[in-house]
Amino acid sequence: KETPTMVSSEDKSQMIERIARYNNASDRRDVEAHVAAYTEDGVITGGMGTTQNGKDGLREALPAMFEGEGTEKRHLASNHEFDEQGDDRVSVHYVLTVLEAGTSPGVVATAGIVDSFVHTDGKWLVREHEISIDPSFSFLAHPSESSGVM
């Protein structure tokens, strides 16, 4: 059963723009531009088994996350769905596709993402970025359990 959302088109556009900006920052491995998308207490959860608390924690963890990707990548977000949580809070569910950009072309990962946004100081910022790597790429989350595929 679908629940209608009351999120305005302008708010949706701002959140999609924020998602695009931090994904582009990830492509450039630009820690500060990526961190700018988050609230002061923002976190990344799931995915690679990492959790970073707050902007300082993100600044510490993101360089290693970017380095772990190896060569240059492109992060593409699609299929955005908005779920109003009330009191200036919205969850955005979408699909993330990560493409190889530095060597031979191909999809290197897909994941379901849930970004929990809060509206603060006139802008939408990410409070939590939750990564659920798709089962076909689960070896990325648990490399020690992989069958040699990487």
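Keep in mind it's a predicted model, so treat the numbers as computed, not measured. (Residues numbered from 1 in each chain as written. Predicted model: local features only at pLDDT ≥ 70, side-chain atom pairs only at ≥ 80, totals over all residues. Heavy atoms only, no water.)

Helix and strand content of the protein: three helices and six strands. Taken from the N to the C terminus, the helices and strands of the protein come in the order α-α-β-β-α-β-β-β-β. For the protein, the residues scored as buried account for 37% of the 150 residues in total. Sequence-distant contacts, at least 24 apart, represent 48% of the contacts inside the protein between residues at least 6 apart. Total accessible area computed for the protein in this model is approximately 8,600 Å², and 49% of it derives from carbon and sulfur atoms. (Helix = DSSP H or I, 4+ residues; strand = E, 2+ residues; numbered from the N terminus. Buried < 20%, exposed > 50% of the residue type's maximum accessible area, 1.4 Å probe, protein only. Contact = heavy atoms within 4.5 Å. Areas by Shrake-Rupley, 256 points an atom, 1.4 Å probe, with all protein chains shown as cover.)

You can see Gln 14 is positioned in helix 1 (residues 9–28). Considered as a pair, Gln 14 and Trp 124 are 110 residues apart in the sequence and their alpha carbons are 6.9 Å apart.

Following the criterion strictly, the structure yields one aromatic pair and no others. Between Tyr 22 and Tyr 38, the ring centres sit 6.3 Å apart and the planes meet at 35°, which makes this aromatic pair tilted. Linking Tyr 22 in helix 1 with Tyr 38 in strand 1 (residues 38–46), this pair joins segments that are 16 residues apart in sequence. In this structure, Tyr 22 and Tyr 38 share a single accessibility class: buried. (Phe/Tyr/Trp six-rings, centres within 6.5 Å; stacked < 30°, edge-to-face > 60°.)

We now examine the pattern of salt bridges. All told, the structure shown has eight salt bridges when counted by the stated rule. Linking Asp 56 and Arg 59 is a salt bridge whose minimum nitrogen-to-oxygen distance equals 3.2 Å. Here Asp 56 and its partner Arg 59 are both found in helix 3 (residues 54–68), three residues apart, which amounts to about one turn of the helix. The exposure class assigned to Arg 59 is partly exposed, which follows from its relative accessible area of 32%. Ionic contacts of the salt-bridge type, sharing partners, join the residues Glu 32, Asp 56 and Arg 59 into one network. (Salt bridge = Lys/Arg side-chain N within 4 Å of Asp/Glu carboxyl O.)

Taken together, the side chains of Glu 81, Asp 83, Glu 84, Asp 87 and Asp 88 make up a negatively charged region of the molecular surface. Overall, the relative accessible area of 73% leaves Asp 87 in the exposed class. (Patch = residues over 30% accessible without salt bridge, like charges linked within 9 Å, V, L, I, M, F, W, Y side chains within 5 Å. Lys, Arg positive; Asp, Glu negative; His and termini not counted. Charge placed at Lys NZ, Arg CZ, Asp CG, Glu CD.)

It is worth spelling out the nonpolar core at this point. The biggest cluster of nonpolar side chains holds 28 residues, and the ones touching the most others in it are Met 15, Leu 62, Val 90, Val 92, Tyr 94 and Phe 117. Those elements that provide at least two residues to this core are helix 1, helix 2 (31–35), strand 1, helix 3, strand 4 (89–100), strand 5 (106–120) and strand 6 (123–133). Ranked by residue count, the leading element in this core is strand 4, at five residues. Contacts of Leu 62, omitting those with residues within four sequence positions, involve Val 31, His 34, Val 35 and Ile 44. (Core = buried A, V, L, I, M, F, W, Y, C linked by side-chain atoms within 4.5 Å.)

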